[in-house]
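Okay, here's what each chain looks like letter by letter:
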Amino acid sequence: MAVNMTAIKTASNGVWQGDNPLDFAFPLLIVQTVLILVVSRFLAFLLKPLRQPKVIAEIIGGILLGPSAFGRNKEYMHRVFPKWSSPILESVASIGLLFFLFLVGLELDLNSIRRSGKRAFGIAFAGISLPFICGIGVAFVLRKNIDGLDRVGFPQFLVFMGVALSITAFPVLARILAELKLLTTQVGETAMAAAAFNDVAAWILLALAVALAGDGSESGGQNKSPLIAVWVLLSGLAFVVFMMVVIRPAMKWVARRGSGEQGMVDEAYICLTLAGVMLSGFMTDLIGIHSIFGAFVFGLTIPKGGEFAERLMERIEDFVSGLLLPLYFASSGLKTNVATIHGARAWGMLSLVITTACAGKIIGTFAVAMMFMIPFKESITLGVLMNTKGLVELIVLNIGKEKKVLNDETFAILVLMALFTTFITTPTVMAIYKPARGGSSRTHRKLRDFSTATKAVSSEDELRILACAHGPGNVSSLISLVEATRSTKKQLKLFIMHLVELTERSSSIIMVQRARKNGFPFFNRFRRGEWHDRVAGAFQAYSQLGRVTVRPTTAISPLSTMHEDICHVAEDKRVTMIILPFHKQWRREGGDESMENMGHGWRGVNQRVIKHAPCSVGVLVDRGFGNGPQTPGPTATVAQRICILFFGGPDDREAVELGGMMAEHPAVKVTVVRFVEKDDLELDGVTLRPSPNKCSENNYSFSTAKMNREKEKELDETAVAEFKSKWDGVAEYTEKKTSNIVEGVLTIGRSSDYDLVVVGKGRFPSNMVAELADRQAEHAELGPIGDILASSGQGVLSSVLVVQQHDMAHVDEAPVAKIMHTNYEKFRTDIDNQSSGAGEISKAV
């Protein structure tokens, strides 16, 4: 039954007045949107272990909600997705598409494309031309075997099929490369550059296809002069020239005027730009080319990499990518009826299209890559990567259906082809290409190994440190900490890694394009745009100090695999210690204290680095360390006051060794406080046994390795004696007797005597630290003493550095239960028996 669109009302009067909200446009749109988001997000969660891009889940979600699955229930389809609601849903989704294409134009840096070279251009040309020719060949076969295609205009159908098979989806490819850690390999960089060429060519070809399409019918084509298509193309070319010659300089002026001081952007210029997106879309629609072209070209005119572009993305990308764009791709699924592909002939056509699409892309790219002397495995991987479809492909297919060039069956076949080719990209690349990661012979490094009486694994005249930062807020504390360790005898080589989470946001891909430092990061000298100017400037200034070499990089990865980047660089650059920022950061202004929490995901990054690092690790809990009037230099008179807490064990000995390095700095005052038990206190022996019922998130974990406690005590005494003899008169050493270790530690942290307190993680605890094994942990990864000092609400004023010495024997840890007993030997047999399964936990006696 035909529906009168003018009779459809926007809002209902409510159920109490007898209205069904699903009969009204806006309430139904809300229901449809929520349903699409819930289904697509659930599917994205299921596909996440397979590393599939989000667009796959959104398309599959639309197919499930549409006539292929749930839509087989006519009552459901009539109520939730009635035909009269389709124009409304697609209009809202098209607004999202318009702004998404603006973001794509904002992502695409034309200058970087020009710099990409002949290799990327040649691979892109082959990756477009051969599939385009194959697409034309397939078009002949489809036209003969699918009913209704003979009524479609022949030239426009050929062009649409060629475009559909030749496209590479640049945004999807970038995220796949980032997930697989391939962006800094030769394969990744070549694929990104070739995909950028492909992206521009695809929009030009699509503009040609739309100009030729008209309404897609033969009759329409006969009533239309061939000159109309020429006029459309010439008008489109004039529009592009006008945008680049007139609007681009104007947008540079807007970007300069809109970017105020202190990173503020004038709201009026943001609104002006958003209006420009809509107006550009209207102009290309007026010309006869789809409105998305206007938004895309307008995005190209915005200056890249500045404050203005970043603020634009912040304002629109979450709303567009998170809410509106899923509606567009789900609507593609809703229009896909798999039931139209019936019979052996139809499924044969689907197989033919998929095979031709894959073969054309892979063979064309492979052949040219081999001509450029790229190795066989890398060449075939490039072909598979360039076969990625996804976002742009769906846009092409929807325009084809809208212009009536593609009927329902052809549309369904091409949607399934796009799904299949994108879905197989990640697993295929993982199967055929495993890039060499370097550092095949693992080295495990620490500041000092007292058991062998040798110095650090690094060379005697050089100390290498990898310092990680979330952003500008970590700069001052990192510089202060690293400067405090700068010896007058050793060259300090500092690697700075800016950690950036890779998300579905366009800004992540902007950063990937700008620096191409993702995956296992590539280090380079300072270059404009790699870091925020304040960050780069701060470290550049610091690098001017004597005997300091600073090398920056950016690591852009999902948080789940960020630790791989950090650990690889630590191994590849042979660093001795990794410095990680704690996921919480305190700031004190006047009498008020504020705390910024980066989130549980960043805490997980630290936990995984602590577990897998090939060297010692320090976690810096910053409470304003280094926020004084100046950074201490070699001639500064203002000292950093640093306290080392010593209880015993490998981690504490590493902390003391670090304290010895700090004592060499003329502007750093080091104090070692050794906690000892009161002479008159009778303490029972403490045995720590594995406790499988405890969670490592909320309970401290200790090493399961067996250790000779007497030998450990000897090493502790050696470390303390060496520190006292070497730094006598330079550093202070005191012993503190206390019956309450928690209060003793908090007293030091709460006093304003020290800027930084350094503690060991304590995986082999002394008798006193073992007493805390059953204490409820807030930050279990810091160990008992570090957790006490880092916990909220304790009134601690000092920043804290928690040190873990690297040793492969200490890697396995487990939560424990504490048993008090005077007769340790009585439990030896039980513990040995349990250690055969879960491992024996260290014992404090």
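Residues numbered from 1 in each chain as written. Predicted model: local features only at pLDDT ≥ 70, side-chain atom pairs only at ≥ 80, totals over all residues. Heavy atoms only, no water.

Caption draft 1: Fine view of the pattern of salt bridges. In total, this model carries 13 salt bridges according to the counting rule given. In this structure, Asp716 engages Arg653 in a salt bridge whose closest nitrogen and oxygen atoms are separated by 2.8 Å. Of this pair, Asp716 sits in helix α25 (residues 709–726) while Arg653 is found in helix α24 (residues 650–663), placing the two residues 63 residues apart along the sequence. For the pair formed by Asp716 and Arg653, the shared burial category is buried. A salt bridge links Arg674 to Glu717, with the nearest nitrogen and oxygen atoms 2.8 Å apart. Separated by 43 residues along the polypeptide, Arg674 in strand β11 (residues 668–676) and Glu717 in helix α25 bring together distant segments of the chain. What makes Arg674 buried here is its relative accessible area of 13%. Residue Glu717 is classed as partly exposed on the basis of its relative accessible area of 43%. Connected through salt bridges with shared partners, the residues Arg653, Glu712 and Asp716 form a single ionic network. (Salt bridge = Lys/Arg side-chain N within 4 Å of Asp/Glu carboxyl O. Helix = DSSP H or I, 4+ residues; strand = E, 2+ residues; numbered from the N terminus. Buried < 20%, exposed > 50% of the residue type's maximum accessible area, 1.4 Å probe, protein only.)

Caption draft 2: The arrangement of helix α22 (residues 562–572) in detail. Of all the eleven residues making up α22, nine are buried; the element is thus mostly covered by neighbouring parts of the structure. Within α22 the residues assigned to the buried category are Met562, His563, Asp565, Ile566, Cys567, His568, Val569, Ala570 and Glu571. At its buried positions, α22 is contacted by β3 (462–469), β4 (491–501), β5 (548–557), β6 (577–581) and α23 (600–612). (Contact = heavy atoms within 4.5 Å.)

Caption draft 3: Spatial organisation of the environment of Ala357. Along the chain, the position of Ala357 falls in helix α15 (residues 343–371). Overall, the relative accessible area of 0% leaves Ala357 in the buried class. Sequence separation of Ala357 and Thr421 is 64 residues, and the distance between their C-alpha atoms is 8.2 Å. For Ala357, the contacting residues outside a window of four places in its chain are Leu165, Asn387 and Met417.

Caption draft 4: Molecular detail of the packing of aromatic side chains. Summed over the entire model, instances satisfying the criterion amount to eight aromatic pairs. Centre to centre, the rings of Trp253 and Tyr269 are 6.4 Å apart; their planes meet at 75 degrees, and the pair counts as edge-to-face. Pair noted here: Trp253 is in helix α11 (residues 227–258) and Tyr269 is in helix α12 (residues 267–287), with a separation of 16 residues, a long-range link. Overall, Trp253 belongs to the partly exposed group, its relative accessible area being 43%. Ring centres 4.7 Å apart and planes at 15 degrees place the aromatic pair Phe647 and Phe675 in the stacked group. (Phe/Tyr/Trp six-rings, centres within 6.5 Å; stacked < 30°, edge-to-face > 60°.)

Caption draft 5: Geometry of unusual backbone geometry. Here the phi dihedral of Lys404 falls at roughly 65 degrees; this positive angle occurs in a residue that is not glycine. Checked against the element boundaries, Lys404 lands in the loop between α17 (391–402) and α18 (408–432). On the basis of relative accessibility, which here comes to 59%, the residue Lys404 falls in the exposed class.

Caption draft 6: Summary view of the environment of Lys54. Structurally, Lys54 is set in helix α2 (residues 54–65). Sequence spacing of Lys54 and Pro326 is 272 residues, and the spatial spacing of their C-alpha atoms is 9.1 Å.

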